[in-house]
Amino acid sequence: MIYPIVALGNPVLKERASEIELNHPELKTLINDMFETMYNASGVGLAAPQIGKSIRLFVIDAEPMDEEKLKGAKMVFINPLRVEEEGEPWPYEEGCLSIPGIREAVKRPEKITIQYHDETGNSHKRTFEGMLARVIQHEYDHLEGKLFIDYLSPFRKKLIQNKLNDILKAKAKAEYPIRFIPQGKR
Ligand code: NI
């Protein structure tokens, strides 16, 4: 099932998500649906809050970004916890399915060490680096209620404010099902 993606302005994107029981009966279906929703939107990562569920769960498949190095980078992160980030912060233009039509450079540390459970329930503590680390950092932020635009300088943010307002007013367009906040309810 393809879920509509929740757009900027929805309070669920600002919440810290809660842990989910590993043996939750709907977890498998939810993971499959998240991959389906992500691929349908041509995304490389999707966090549960982006489909309106405040759960500590995200999926990634970064292969389209760098076919050689990121082969097999299809992963599920359940109840992830950031252990540490290290290395020289480097900039890269990021986008987000919840913020259609906007790409901005964000600096992130080179490496992230993260604890998580995979889809079979096994727990891992792994360090990721480079582009894979970046995708994980971006999705992890969603579970903490943080968006990539939160890192922008006031100047950069001002430059894109009109586009952000279009999203908030449900005037933006996306090439996938998206759920803007209902107008008149703010
Ligand atoms: Ni995002």
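Residues numbered from 1 in each chain as written. Predicted model: local features only at pLDDT ≥ 70, side-chain atom pairs only at ≥ 80, totals over all residues. Heavy atoms only, no water.

Novice: Explanation requested: a negative patch on the surface in the structure shown.
Specialist: On the surface, Glu84, Glu86, Glu88, Glu110 and Glu129 cluster together into a negatively charged patch. Among the secondary structure elements, Glu110 is positioned in the loop between strand E6 (104–108) and strand E7 (111–117). The exposure class assigned to Glu110 is partly exposed, which follows from its relative accessible area of 34%. (Patch = residues over 30% accessible without salt bridge, like charges linked within 9 Å, V, L, I, M, F, W, Y side chains within 5 Å. Areas by Shrake-Rupley, 256 points an atom, 1.4 Å probe, with all protein chains shown as cover. Salt bridge = Lys/Arg side-chain N within 4 Å of Asp/Glu carboxyl O. Lys, Arg positive; Asp, Glu negative; His and termini not counted. Charge placed at Lys NZ, Arg CZ, Asp CG, Glu CD. Helix = DSSP H or I, 4+ residues; strand = E, 2+ residues; numbered from the N terminus. Buried < 20%, exposed > 50% of the residue type's maximum accessible area, 1.4 Å probe, protein only.)

Novice: Whenever I open this one, the coordination of the nickel ion confuses me. Can you help?
Specialist: Ideal donor angles around a metal are set by the shape: a four-donor tetrahedron calls for 109.5 degrees, a six-donor octahedron for 90 or 180 degrees. Binding of the nickel ion to the protein goes through Cys96 (SG), His138 (NE2) and His142 (NE2), at separations of 2.1 to 2.3 Å. Binding-site remark: the nickel ion is held by donors from one chain whose sequence spacing is C-x41-H-x3-H. Residue His138 and its partner His142 are both found in helix H2 (residues 130–143); the two are separated by four residues, about one turn of the helix. Owing to a relative accessible area of 8%, His138 belongs among the buried residues under this scheme. Accessibility expressed as a relative area gives 1% for His142, which makes it buried. (Donors = N, O, S within 2.8 Å, 3.2 Å for Na, K, Ca; no water.)

Novice: I'm lost on helix H1 (residues 27–40) in this one. Help?
Specialist: One full turn of an α-helix is made of 3.6 residues, so residues set three or four places apart face in the same direction. With 14 residues, H1 extends 20 Å from end C-alpha to end C-alpha; this agrees with the ideal 20 Å at 1.5 Å per step. Among the residues of H1, those classed as buried are Leu27, Leu30, Ile31, Asp33, Met34, Phe35, Thr37 and Met38. On its buried face, H1 is in contact with strand E1 (5–6), strand E2 (45–47), strand E3 (57–61) and strand E4 (74–86). Positive backbone phi, approximately 55°, marks Ser42, located one or two places after H1. (Expected span 1.5 Å × (residues − 1). Contact = heavy atoms within 4.5 Å.)

Novice: Please explain H2 as it appears in this structure.
Specialist: Given a rise of 1.5 Å per residue, 14 residues ought to cover 20 Å, and the 21 Å separating the end C-alpha atoms of H2 matches this to within 8%. Extensive coverage of H2 is indicated by the burial of 12 of its 14 residues. All of the buried residues in H2 are Leu132, Ala133, Arg134, Val135, Ile136, Gln137, His138, Glu139, Tyr140, Asp141, His142 and Leu143. Trailing H2 by a residue or two, Gly145 shows a phi angle of about 75°, which is positive.

Novice: I would appreciate a short explanation of the side chain of Arg134 in the present structure.
Specialist: Within the fold, Arg134 resides in helix H2. Arg134 has contacts with Trp90, Pro91, Tyr92, Glu94, Val106 and Arg108, leaving out every residue within four places of it along the chain.

Novice: In this structure, what is going on with the packing of aromatic side chains? I would like to understand it.
Specialist: Ring pairs (aromatic) are described by centroid distance and by the angle formed between their planes. Following the criterion strictly, the structure yields six aromatic pairs and no others. Seen from their ring centres, Phe77 and Tyr116 are 4.4 Å apart, and the 45° between their planes marks the pair as tilted. In this pair, Phe77 is assigned in strand E4 and Tyr116 in strand E7, connecting sequence segments 39 residues apart. Its relative accessible area of 4% is what places Tyr116 among the buried residues. Counting every residue linked through ring pairs, the aromatic cluster contains Phe58, Phe77, Tyr116 and Phe128. The cationic tip of Lys74 hangs over the ring face of Phe35; the distance from NZ or CZ to the ring centre is 4.5 Å. (Phe/Tyr/Trp six-rings, centres within 6.5 Å; stacked < 30°, edge-to-face > 60°. Lys NZ or Arg CZ within 6 Å of the ring centre and 35° of its normal.)

Novice: Sorry, what's going on with the nonpolar core here?
Specialist: Nonpolar side chains in soluble globular proteins generally cluster together in the buried interior. If you look at the biggest cluster of nonpolar residues, it comprises 20 residues, and the most contacted ones within it are Ile31, Met34, Leu46, Leu57 and Val59. Per-element tally for this core: the top contributor is H1, with six residues. Apart from the residues within four sequence positions on either side, Leu57 is in contact with Leu27, Leu30, Ile31, Met34, Ala47, Ala48, Val76, Phe77, Ile78 and Leu143. (Core = buried A, V, L, I, M, F, W, Y, C linked by side-chain atoms within 4.5 Å.)

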